[in-house]
Amino acid sequence: MIKALVIKELRESLGLIALAGLGIAYIVGHCIGIALLPWKYAEATYYPFSYGLHIEGQVVILGCFGFLLGLKQTAWEAHHSTFYFLLHRPVERSRVFAVKLLVGVLIVFLLNALLIGLYGWWAASPGKHPSPFEWSMTIPTWKLSGALVIVYLGAFLSGVRPAKWFGTRLVPTVFGIVCAVSIHFSPWWWRALPIGLASATVLLLAIFYYVQTRDY
Amino acid sequence: MTMTDVIRTQRLTKHYGCHRVVDSLNLRVQQGQVYGFLGRNGAGKSTTIKMLLGMVQPDSGEAELLGEPVSKLRPETRERIAYIAEGHPLYNWMTVGEVVRFTRAFYSQWNTELVEQILDHFELSRKQKLRRLSNGQRAQVSLALAVAPEPELLILDDPTLGLDTVVRRDFLESLIQIIHRKGRTILFSSHILGDVERVADRIGILVDGVLRVDCPTDHFRASVKKLVLDFPGPAPEGFECPGLVNQWRTGSQLELVLVGYDDAQRTAVESLQPRNIEVVELNLEEAFIQYTRGRRRSLPLFATEGSDDQSTRDQGAA
Amino acid sequence: MQFLCDTTSRTPIYRQLIDQVRHGVARGKLRVGDRLPSVRQLSRELVVNPNTVARAYTELEREGTLITQQGRGVFVAPPRTDLTKKARRKQLGERLDLLFVEAVHLGFTADELQAMVQDRIGQFAFVEEKGNE
């Protein structure tokens with residue numbers, strides 16, 4: 001039954017994954033000098049992973065993806081009343097949501113990895129750009145990937161936490177984004193890591209609390 | 001009674017804001033009963049059903065299904081309970097075949113033959129997307145999924161809502177087939193009183209979150225009576241007696257709706273000295289309308305199975 | 001025999017079934033020894049709760065119209081004559097009087113009434129003459 005749940009979650013996020021895939025293709029293409037949109041010039045990178053579109057692209061495309069995925073897995077089910085169908089299956093409620101979260105986190109992470117991997121693979125192939133390249137140069141983008149997982153968790157909590165007003169509903173999302181920004185801008189791992197772990201713990205605890213106690 | 005309670009709630013209460021949607025509900029449904037759960041829109045039927053299944057948390061009180069508190073319902077117990085929520089929610093992107101496969105994955109017991117039978121009977125192709133199904137087909141798929149694990153208890157929230165007459169009849173036929181399986185208990189809410197009369201042994205009526213009626217179906221309709229009194233002069237005003245639900249005066253006529261028509265009420269009515277008293281029987285729908293529309297909180301009507309004689313408890317009258 | 005069930009009627013469903021069986025027997029659509037559909041069958045056919053059908057059958061059995069033979073089904077019972085001829089005569093006489101009162105008030109002559117009774121007798125299945133009692 002876990003398999004059935006995993007397949008269901010994957011199938012339901014397929015549309016969003018496809019969109020994110022297009023976004024990733026555009027960013028990577030842009031960074032390596034292939035313009036996917038005919039009316040735009042691609043800027044070939046001189047110093048890969050140092051500056052340029054990839055950070056903004058990652059933030060915009062995959063940040064939005066994490067946000068939408070979090071809502072799709074929760075608010076979308078509530079909107080279609082399918083929670084009544086899903087949560088009456090003979091499994092513990094916490095398991096259903098654990099599967100959702102696991103699949104979600106994995107997808108967000110893998111899409112980030114795809115972006116970094118493709119761009120890094122190009123950068124690592126000789127003769128593409130004039131500057132030297134080390135895989136260690138990708139570390140900030142990996143850190144950003146982790147931060148985007150927090151954005152996803154924030155959106156997920158927004159989806160499961162009941163609130164009367166749209167604005168208060170988004171509080172967890174805003175919290176997630178604030179945490180993600182502070183992780184991204186912390187230059188030292190010993191500051192970024194605790195922020196990440198703490199915010200993830202808080203969000204997960206809140207998610208499992210609301211999931212058990214809210215009215216569907 | 002040696003029968004076991006399959007559903008039992010004790011002072012179940014729920015507020016939305018400061019509005020009390022369900023008010024100290026004591027509901028008992030015994031094994032093998034087909035219980036029609038009635039009430040006007042917003043009377044708290046859906047909320048009650050959601051509380052029974054743990055989808056809504058009660059503010060106070062308790063609910064038990066199959067002898068287990070709902071808040072601690074184990075998956076093994078949930079497996080023995082089928083629930084169809086209002087509107088037959090299913091994953092629209094799935095095909096009929098996919099939703100069957102998905103649902104089946106959760107159950108240790110699954111009657112494949114029965115599912116095939118229902119799907120074939122309604123000519124549902126496995127490849128059809130649920131999104132493309134009509135309301136009636138959707139209801140049949142959702143019923144097939146509900147009965148496939150051979151549940152002991154079925155809880156259906158207005159399962160015929162939005163179905164046309166023919167499709168509704170199909171659905172009821174399927175439901176009757178389910179009832180034929182001995183020992184199965186069904187609780188269903190409905191707006192269509194004719195359906196309830198066909199299918200339910202017993203009814204409960206919620207009025208503003210309070211269970212006002214809980215008795216065998218025939219007992220209820222036999223208890224609600226309309227009296228038409230003719231007077232030589234103008235009809236008297238301000239008639240009062242226990243169990244009076246409603247009254248209208250039109251010239252020399254006085255119409256009364258009474259609950260639990262008995263000797264005491266007859267004496268009270270006769271003391272008005274009308275020229276003629278006509279007692280009109282009501283069908284279930286008329287009885288329900290009269291009972292729930294009353295200006296005052298109608299006299300509650302409770303009776304246990306088997307005691308067909310009037311056993312109206314006068315608690316909380318007026 | 002085709003059974004019907006009308007939920008808009010003010011008569012309870014089990015009552016409707018009882019009336020239909022009694023009519024069926026009286027009009028000869030159901031004969032002594034005819035088998036009735038089982039509770040399950042009829043419940044499915046009419047889309048009503050099996051308990052409702054069972055209740056009608058039980059009531060009919062109690063008044064002697066039907067008889068259940070274990071394992072074989074429900075049958076139309078031979079007419080029961082628990083009451084003495086005198087008592088039955090009295091019962092019918094009372095009903096007849098009601099009919100006469102109605103006929104007089106509706107302005108029928110005795111001949112007209114007799115003709116109507118004669119006309120209708122053929123539509124019902126009366127007990128055959130059994131010689132002397």
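Since we're looking at a predicted model, the values are computed, not measured.

Parameters and conventions
- Once a new chain begins, its residue numbering starts again from 1 and follows that chain's sequence as written.
- Labels are handed out in written order, letters beginning with A for the chains and numbers beginning with 1 for the ligands.
- A pLDDT threshold of at least 70 governs which residues receive local features in this predicted model, and a stricter bar of 80 or more applies before side-chain atom pairs are shown or counted, although totals over entire chains, interfaces and linings include all residues.
- Heavy atoms from the whole structure form the basis of all side-chain values; hydrogens and water molecules are not counted.
- For every residue, the accessible area (1.4 Å probe, protein chains only) is compared with the maximum for its type, and the residue is labelled buried under 20%, exposed over 50%, or partly exposed between those bounds.
- Secondary structure elements are defined from DSSP: runs of H or I of at least 4 residues count as helices, runs of E of at least 2 residues count as strands, and each element is numbered from the N terminus.
- The arc under discussion is defined with respect to the helix axis, by the directions toward the C-beta atoms.
- Contacts are assigned to residue pairs that have any heavy atoms within 4.5 Å of one another.
- When DSSP finds at least two bridges between two strands, those strands are taken to pair.
- Domain extents, as shown, originate in an automatic or database domain assignment.
- Put simply, buried area is how much 1.4 Å-probe accessible surface two parts lose in total, over both of them, once they are put together.
- Salt bridge, as applied in this entry: a Lys or Arg side-chain nitrogen positioned within 4 Å of an Asp or Glu carboxyl oxygen.
- By definition, the crossover connecting two strands over a helix is right-handed if that path, from the first strand to the second, turns clockwise as seen with the strands pointing away from the viewer.
- Here an axis means a line fitted to C-alpha atoms, over the contact stretch when the element is a helix, while the angle between two N-to-C directions is reported on a 0 to 180 degree scale.
- Counting of polar contacts relies on pairs of N or O atoms within 3.5 Å, with two restrictions inside protein: one atom must be capable of donating a hydrogen and the other of accepting it, and residues adjacent in sequence are counted only when both atoms are side-chain atoms.
- Asp, Glu, Lys and Arg are counted as charged, while Ala, Val, Leu, Ile, Met, Phe, Trp, Tyr, Cys and Pro are counted as nonpolar; the rest, among them Gly, fall into the polar class.
- Stacked, tilted and edge-to-face are the three classes assigned to paired rings of Phe, Tyr and Trp, where Trp is represented by its six-membered ring and a pair needs centres within 6.5 Å; plane angles under 30 degrees give stacked, over 60 edge-to-face, the rest tilted.

Our focus in this paragraph is helix H4 (residues 112–121) of chain B. All names here are of chain B. By the burial criterion, the buried members of H4 are Val115, Ile118 and Leu119. Burial along H4 is one-sided: seen end-on, the buried residues are contained in an arc of 95 degrees. Exposed and oriented more than 90 degrees from the buried face of H4 are Glu113, Gln117 and His121. Residues of H4 that are buried sit in contact with helix H3 (96–104) and helix H5 (135–147). With its phi angle positive at about 50 degrees, Glu123 sits one or two positions after the end of H4.

This next bit is on the sheet that holds strand E3 (residues 73–76) of chain C. All names here are of chain C. Here we have three strands laid out as an open sheet, ordered E1-E3-E2, and antiparallel in their pairing. The open sheet has two edge strands, strand E1 (35–36) and strand E2 (66–69), and neither has a second partner. Of the strand pairs in this sheet, E2 and E3 are connected by four bridges, and their pairing is antiparallel. Note that in E3 the partner of Gln69 across the bridge is Gly73.

Once that is clear, we can look at the domain arrangement of chain B. Residue and element names in this part refer to chain B. Examined at the domain level, chain B breaks down into domain 1 (5–208) and domain 2 (219–302). Summarising the inter-unit geometry, the C-alpha centres of domain 1 and domain 2 are found 36 Å apart. Facing nine residues of domain 1, the contacting portion of domain 2 comprises seven residues. Buried surface at the junction of domain 1 and domain 2, summed over both partners, amounts to about 810 Å²; 77% is from carbon and sulfur atoms. For the domain 1 face of the interface with domain 2, the top three residues by lost area are Leu193, Glu197 and Ile205, together amounting to 53%. Where domain 1 packs against domain 2, one counts one salt bridge. With a shortest N-O distance of 2.3 Å, Glu197 and Arg221 are connected by a salt bridge.

Turning our eyes to something else, we now look at the pairing of strand E9 (residues 185–189) of chain B. Residue and element names in this part refer to chain B. Most of E9 is tucked away: five of the five residues are buried. Every second residue of E9 is oriented toward a common face, with Thr185, Leu187 and Ser189 on one face and Ile186 and Phe188 on the other, all of them buried. Pairing of strand E4 (residues 34–39) with E9 involves four bridges; the strand directions are parallel. Considered in E9, the bridge of Val34 is made with Ile186. Here strand E8 (residues 153–156) pairs with E9 via four bridges, running parallel. Across the sheet, the residue bridging to Ile155 is Leu187, located in E9. Each parallel crossover has a hand, and for E8 linked through helix H6 (residues 165–180) to E9 it is right-handed.

Before going further, it helps to examine the pattern of salt bridges. All told, the structure shown has 33 salt bridges over all chains when counted by the stated rule. Between Lys100(A) and Glu9(A) there is a salt bridge; the shortest N-O distance is 3.0 Å. Placement of Lys100(A) in helix H5 (residues 93–124) and of Glu9(A) in helix H1 (residues 2–31) is noted, with a sequence separation of 91 residues between them. Judged on exposure class, the residue Lys100(A) and its partner Glu9(A) are both buried. Its salt-bridge partner being Glu94(C), residue Lys90(C) comes within 3.8 Å of it at the nearest N-O pair. Placement of both Lys90(C) and Glu94(C) in helix H4 (residues 85–105) is noted, with a separation of four residues, approximately one turn of the helix. By relative accessible area, which is 59% here, Lys90(C) ends up exposed. For Glu94(C), a relative accessible area of 47% gives the class partly exposed. One salt-bridge network, in which partners are shared between bridges, spans Lys8(A), Glu9(A), Glu12(A), Glu77(A) and Lys100(A).

Residues and elements named next belong to chain A. Locating Ile24 in the fold gives a position in helix H1. Taking C-alpha positions, Ile24 is 5.9 Å from Leu115, a pair spaced 91 residues apart along the chain. Those residues in contact with Ile24 that lie beyond four places of it in its chain are Ile61, Leu62, Leu111, Leu114, Leu115 and Leu118.

Since the α-helix packs 3.6 residues into each turn, any two residues three or four apart lie on the same face. For helix H2 (residues 39–46) of chain C, every residue scored as buried is listed here: Leu42(C), Ser43(C) and Leu46(C). For H2(C), the buried positions fall inside an angular range of 100 degrees around the axis, keeping them on one side. The inward-facing, buried residues of H2(C) abut H6 and helix H7 (193–199) of chain B together with helix H1 (13–26) and helix H3 (50–62) of chain C. Remark: Val47(C) follows H2(C) within two positions and exhibits a positive phi of approximately 55 degrees.

Looking now at the environment of Ala287(B). Along the chain, the position of Ala287(B) falls in helix H10 (residues 284–293). For Ala287(B), the contacting residues outside a window of four places in its chain are Phe220(B), Arg221(B), Val224(B) and Leu282(B).

Another aspect to go through is the sheet that holds strand E13 (residues 244–250) of chain B. Residues and elements named next belong to chain B. With respect to topology, four strands assemble into an open sheet ordered E13-E14-E12-E15, the strand pairing being antiparallel. Each edge of the open sheet is held by one strand with a lone partner, namely E13 and strand E15 (276–280). If you compare each strand with its neighbour and ignore which way they point, the axes differ by 15 degrees on average. Relative to E15, strand E12 (residues 224–230) runs antiparallel, the two being bridged by five bridges. Its bridge partner lying in E15, Leu229 is registered against Ile277. Across the face of the sheet, helix H9 (residues 263–270) comes into contact with E12, strand E14 (253–259) and E15 while running at roughly 165 degrees to E14. Where H10 meets the sheet, its contacts fall on E12, E13 and E14, and the angle it forms with E13 comes to roughly 95 degrees.

Moving on: the interface of chain B and chain A. Contacts between the two partners involve 28 residues from chain B and, on the opposite side, 27 residues from chain A. Overall, the association of chain B and chain A removes approximately 2,500 Å² of surface from exposure, summing both partners, and the carbon and sulfur fraction of that is 64%. Looking at the side of chain B facing chain A, the largest losses of area belong to Met55(B), Tyr91(B) and Phe106(B), adding up to 29% of the total buried there. At the junction of chain B with chain A, the criterion picks out two salt bridges. Here Arg11(A) makes a salt bridge to Glu98(B), at a shortest N to O gap of 3.1 Å. Linking chain B with chain A are 12 residue pairs in polar contact (both at pLDDT 80 or more), by the criterion used here. Among the elements that line the side of chain B that touches chain A, the one with the most residues is H3(B), at four residues. For the side of chain B that touches chain A, the residue count by class is 20 nonpolar, three polar and five charged.

Below, the discussion takes up the packing of aromatic side chains. Residues and elements named next belong to chain A. With the rule as written, the count across this model stands at 15 aromatic pairs over all chains. Ring geometry for Phe83 and Tyr216: centres 5.3 Å apart, planes at 65 degrees, overall edge-to-face. With Phe83 in helix H4 (residues 82–86) and Tyr216 in the segment after helix H9 (189–213), this pair connects stretches of sequence that are 133 residues apart. Taking relative accessible area as the criterion, Phe83 reaches 2% and is therefore assigned buried.

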